[in-house]
Amino acid sequence: MQRFSAEKRLGLDNFGKMKHIFPLIAACLLWSASQAQQPGTLTGRIAATDSEAVPYATIVVKATSCGTSASETGQYRLSAPAGSLVVQVSAIGYSTEERTVELRAGELRRLNFTLRPETAQLDEVVVRGSGVGRINKSAFNAVAVGTKQLRNSTKNLSEALAMTPGLKLRESGGVGSDMQLLMDGFSGRHIKIFIDGVPQEGVGNSFSLNNIPVGFAERIEVYKGVVPVGFGSDALGGAINIVTDKHRRGWQLDASYSYGSFNTHKSSIDYSHTFENGLMFNVNLFQNYSDNSYRVSTPVEHFLEDGSTSLDATQIERVRRFNDTYHNEAVIAKIGAVDRKWADRLVFGMTYSHMYKEIQTGVIQKVVFGQKHRKGHSLMPSLEWSKRDLGVRGLDATLTLNYNHNVTRNIDTSAYRYNWLGQKKYQNGKLGEQAYQDSRSNNANWNGTLTLRYRLGKAHVLTLNHVINSFRRKNSSSAGTGVSEADAIAKVTRKNVTGLSWQFTPSQRWNISAFGKWYNQFNAGPVSSSASGTESYVRTSGSTSALGYGAAGTLFFLKGAQAKLSYERAYRLPTNEELFGDEDLELGQIGLKPEKSDNANLNLSYDRQFGRHGLYVEGGLIYRNTRDYIQRRIGTYSGNKTYASYENHGKVETKGYTVSLRYTWGSLLSVGGNLTRTDVRDRVRTIAGGTAQQNLTYGARIPNQPYLFAGSDLSLSWTDLFGRGDQLTLSYDNFYMHSFPLYSERLGSSASKEVVPEQFSHNASISYSFGRGRYNFTFECRNLTDAKLYDNFSLQKAGRAFYGKARIRFGSDTGRRSLKRHDAKAGHRRPGHRKGGF
């Protein structure tokens, strides 16, 4: 009994102790259960085999309801249950990839994917850049130009754009000359320019497409006609978006120098470093210099010893340009952070640029200057911020802000008049070759862009975009004439464009987008109240608003075949230059009305790879019905001086088509061409509303517009020719343009018509790269046949010219991509190759 009692007491005592342990065990079990139910998070980047981002890829966790889509930059973030997961990633044009991952409860796990393009072959890799593919496969009539193959050339961004089907670059001369882009019958300011989605209107002449090197961009996106809401644009003819490389890892250095004909020097240095903790900085410097001393053919006014002059318009002489020096310099610095909890990207930037430009001619070549020049500078601080899943899963936000202060001085104070031989003649006390001035234009330009993108499930995306732009110009003079009556009145314009779109993607075979845009503009500035139009200036102001809308859709109906259809009721608000001029050779018109147009585009394309053989065929139809078309005219005004001006033209109809074809054979051969024809017609029947007076130009082509042009190119490339990892490339391209009239074809006799002549130009280059892409040398010949080339009436471009360029590249990933491509071609991976750039 005692023994039993002792054992009993022992058990009761242990139980008494354990009763305190049971709650602890239960709490542990509950905590373990809660942890098993707590999800983890997957985050990462979807990229192609060339390390470029694959935007809008679909990410799903198999056997669950978890899924999301990647952003435009290829980034994704996804909550998923803890455990062993199978993650699947798919995207149009890429093979589907799956990976198994163990995800712990509450864990933040980074999981990157690399997708292989469906066109890639093991024996000879043919990779089309993911950025190019995304734009080509969108619902909008859009293409993209990758710059990777152009970075060894001496081209600038505008020259790279000229390679796009349907797009023509119009330059008034050599390096740094005024330029316009022509796209599907629209030109100049009908086409809006963006850098990373930020509008470039009002940034000044010292930082423009024709003086920025091609290496500044990762790719160039070209939207024809209908423009996505995300740009917040009032474009009528289309939009061009310069996309820079925002996904660099480690450090990179890219430097180049080129020298060529007419004492032309170009150089650039680009250094960037992104640290493992997400901190980054980037410095980009570039400069251009040229005497532009090429020869032109023109009648020459001779200064005789008795003080008189002699000019025979039928006698053509070949003379050298002597007052056309141009140089510009720019520094772009950025610092910030990427891939942080509070921001996927937060970057502060500062851009400074400077420009000096001598002015050789007026708007036509017979007007020649000897001392007239222009100079200016620009300072632009900026901020860019983006965040995925901002407060709500699926809500992405992007904000950009920039302020641009640019100053331009137009100087024309010479007491002499010059001829094309460089001789000068005293003007008997008159100052100024065109109009006496030493004016200073202070331009202040604010721009803000906010984009919100919300993903509803896997098939729906809503996008809201708002752009605000404010421009103010104040003029002053150092010519001793005081501030003029007109210059005393500030020139102001403010724009607001708001857009909302809905995108529906039920499958990878088709998708549609519908959108609406609201436009508003306020303008104020000086207007003459006198009969002469040159005095008694008063301040006038006005505002306008409009509502536009449209839709776009695409269908992949056969393997490799795609159809696109888009329509938009679009408005284009007058630009600063059209409203206020350039205070020199361009006259503004503050009373301009916005252009409005019905735009429609149909595009068919076929893109297939048959082993090593690649075939790409594309054709497009365009239609534009435009009212209040803003037209640039050249005319003679007060003092018998020639200027350009702007006016609204009642109704213009545009019809046209583009065709392009390309064939590739592995990485050895690429040959292709494109042709564009547009028919832009005057559709105003009577001169004034309510009258029966017939418009003589009804049904005629709009003058001073190229309407038929074509180009083709051929390149041959050999790898491992003299050593492992080297590459030799031979390239040839040409361009044809049909003649077109300066004034309406219905007016005047055929003998007196002034036309821009038919022309055919040829270019060739040879490039050699070795050291796994680290060292690159290029030699180019432009205008091989020394043809007389004109983009604008009588303004002759440079003849035959030669250029050489040297470029080096170093970085933490330099050479590795070359090795991967080489090893894929060879069917093996090189063991033990070095990780660094050296």
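Residues numbered from 1 in each chain as written. Predicted model: local features only at pLDDT ≥ 70, side-chain atom pairs only at ≥ 80, totals over all residues. Heavy atoms only, no water.

Draft legend 1. Up close: the overall build of the protein. Counting its secondary structure elements, the protein contains six helices and 46 strands. Considering the protein as a whole, with its 838 residues, one finds that 52% of them fall into the buried category. At a minimum sequence separation of 6, the contacts of the protein that also span at least 24 residues come to 64%. For the protein, the computed accessible surface area is about 37900 Å², with 57% contributed by carbon and sulfur atoms. (Helix = DSSP H or I, 4+ residues; strand = E, 2+ residues; numbered from the N terminus. Buried < 20%, exposed > 50% of the residue type's maximum accessible area, 1.4 Å probe, protein only. Contact = heavy atoms within 4.5 Å. Areas by Shrake-Rupley, 256 points an atom, 1.4 Å probe, with all protein chains shown as cover.)

Draft legend 2. Highlighting the side chain of Gln-287. Mapped onto the elements of the fold, Gln-287 is located in strand S19 (residues 279–290). Within polar-contact distance, the side chain of Gln-287 engages the side chain of Ser-267 at 3.0 Å. Setting aside anything within four residues of it in sequence, one finds Gln-287 in contact with His-265, Lys-266, Ser-267, Asn-328 and Glu-329. (Polar contact = N/O pair within 3.5 Å; in protein donor to acceptor, adjacent residues only side chain to side chain.)

Draft legend 3. Structural view of the pattern of salt bridges. Tallied over the entire structure, the rule returns 30 salt bridges. Salt-bridge contacts for Lys-334 lead to Glu-384; the nearest nitrogen and oxygen are separated by 3.7 Å. Of this pair, Lys-334 sits in strand S22 (residues 326–340) while Glu-384 sits in strand S24 (residues 373–387); the two residues are 50 residues apart in sequence, bridging distant segments of the chain. For the pair Lys-334 and Glu-384, one class covers both residues: buried. Between Asp-628 and Lys-596 there is a salt bridge, and its shortest N-O distance comes to 3.0 Å. Taken as a pair, Asp-628 in strand S35 (residues 613–637) and Lys-596 in strand S34 (residues 595–610) lie far apart in primary sequence, 32 residues in all. Assessed through its relative accessible area of 28%, Lys-596 is described here as partly exposed. (Salt bridge = Lys/Arg side-chain N within 4 Å of Asp/Glu carboxyl O.)

Draft legend 4. View of the environment of Ala-806. Structurally, the position occupied by Ala-806 is in strand S46 (residues 801–811). When sequence neighbours within four positions are dropped, the list of residues in contact with Ala-806 reads Ala-255, Ser-256, Tyr-257, Asn-776 and Phe-777.

Draft legend 5. The sheet that holds strand S10 (residues 167–171), seen in detail. Ordered in space as S10-S11-S12, the three strands form an open sheet in which the pairing is antiparallel. Looking along the sheet, the strands with just one partner apiece sit at the ends: S10 and strand S12 (186–187). In the sheet, S10 pairs with strand S11 (residues 179–183) via five bridges, with the strands oriented antiparallel. Bridging across to S11, Arg-170 finds its partner in Gln-180. (Pairing = 2+ DSSP bridges.)

Draft legend 6. Focus on unusual backbone geometry. Phi at Asn-292 is positive, roughly 50°, even though this residue is not glycine. With respect to the secondary-structure elements, Asn-292 resides in the loop between S19 and strand S20 (295–303). Its relative accessible area of 2% is what places Asn-292 among the buried residues. Its identity is not glycine, yet Ser-794 carries a phi of approximately 65°, on the positive side. Relative to the elements of secondary structure, Ser-794 occurs in the loop between strand S44 (790–792) and strand S45 (795–796).

Draft legend 7. Expanded view of the packing of aromatic side chains. Under the counting rule described, the total for this entry stands at 23 aromatic pairs. Ring geometry for Tyr-223 against Phe-231: centres 5.1 Å apart, planes inclined by 65°, an arrangement best described as edge-to-face. Judged by relative accessible area, Tyr-223 falls into the buried class, the value being 6%. By relative accessible area, which is 9% here, Phe-231 ends up buried. Taken together, a centroid distance of 6.3 Å and an interplanar angle of 15° make the contact between Phe-770 and Phe-777 stacked. Overall, the relative accessible area of 44% leaves Phe-777 in the partly exposed class. (Phe/Tyr/Trp six-rings, centres within 6.5 Å; stacked < 30°, edge-to-face > 60°.)

Draft legend 8. Examining a positive patch on the surface more closely. A contiguous patch of positive charge, built from Arg-295, Arg-318, Arg-320 and Lys-788, is present on the exposed surface. With respect to the secondary-structure elements, Arg-320 resides in strand S21 (residues 309–320). (Patch = residues over 30% accessible without salt bridge, like charges linked within 9 Å, V, L, I, M, F, W, Y side chains within 5 Å. Lys, Arg positive; Asp, Glu negative; His and termini not counted. Charge placed at Lys NZ, Arg CZ, Asp CG, Glu CD.)

Draft legend 9. Region of the structure containing the confidence of the model for the protein. Looking at the protein, the pLDDT average stands at 82 and 84% of residues meet or exceed 70. Within the protein, the element-level pLDDT minimum falls on helix H6 (residues 816–826), averaging 43, and the maximum on strand S43 (residues 775–782), averaging 96. Across residues 1–18, confidence stays below pLDDT 50; counting only partners more than four residues off in sequence or on other chains, it has zero contacts. Confidence drops under pLDDT 50 across residues 29–36; counting only partners more than four residues distant or on other chains, this segment forms two contacts. (pLDDT = per-residue confidence, 0-100.)

Draft legend 10. The environment of Thr-451, seen in detail. Note on placement: Thr-451 falls in strand S28 (residues 437–456). Owing to a relative accessible area of 17%, Thr-451 belongs among the buried residues under this scheme. C-alpha of Thr-451 to C-alpha of Asp-396: the two residues are 55 residues apart in sequence and 8.2 Å apart in space. Separated by 2.8 Å, the side chains of Thr-451 and Asn-465 make a polar contact.

Draft legend 11. Quick look at the side chain of Gln-427. Note that Gln-427 resides in the loop between strand S27 (424–426) and S28. Look at Gln-427 and you get buried, because its relative accessible area is 15%. Polar side-chain contacts of Gln-427 include one of 3.3 Å to the backbone oxygen of Tyr-416. Once residues lying within four places of it in the same chain are set aside, the contact partners of Gln-427 are Ser-414, Ala-415, Tyr-416, Arg-417, Gly-432 and Glu-433.

Draft legend 12. Inspection of the sheet that holds strand S5 (residues 83–90) at higher detail. Sheet architecture is open: four strands sit in the order S3-S2-S5-S6, paired in antiparallel fashion. Each of the sheet's edge strands pairs with one partner strand only, and the pair in question is strand S3 (67–69) and strand S6 (97–103). Going from strand to strand, the sheet's axes swing by 20° on average, the running direction of each strand aside. (Axes fitted to C-alpha atoms, helices over the stretch in contact; angles between N-to-C directions.)

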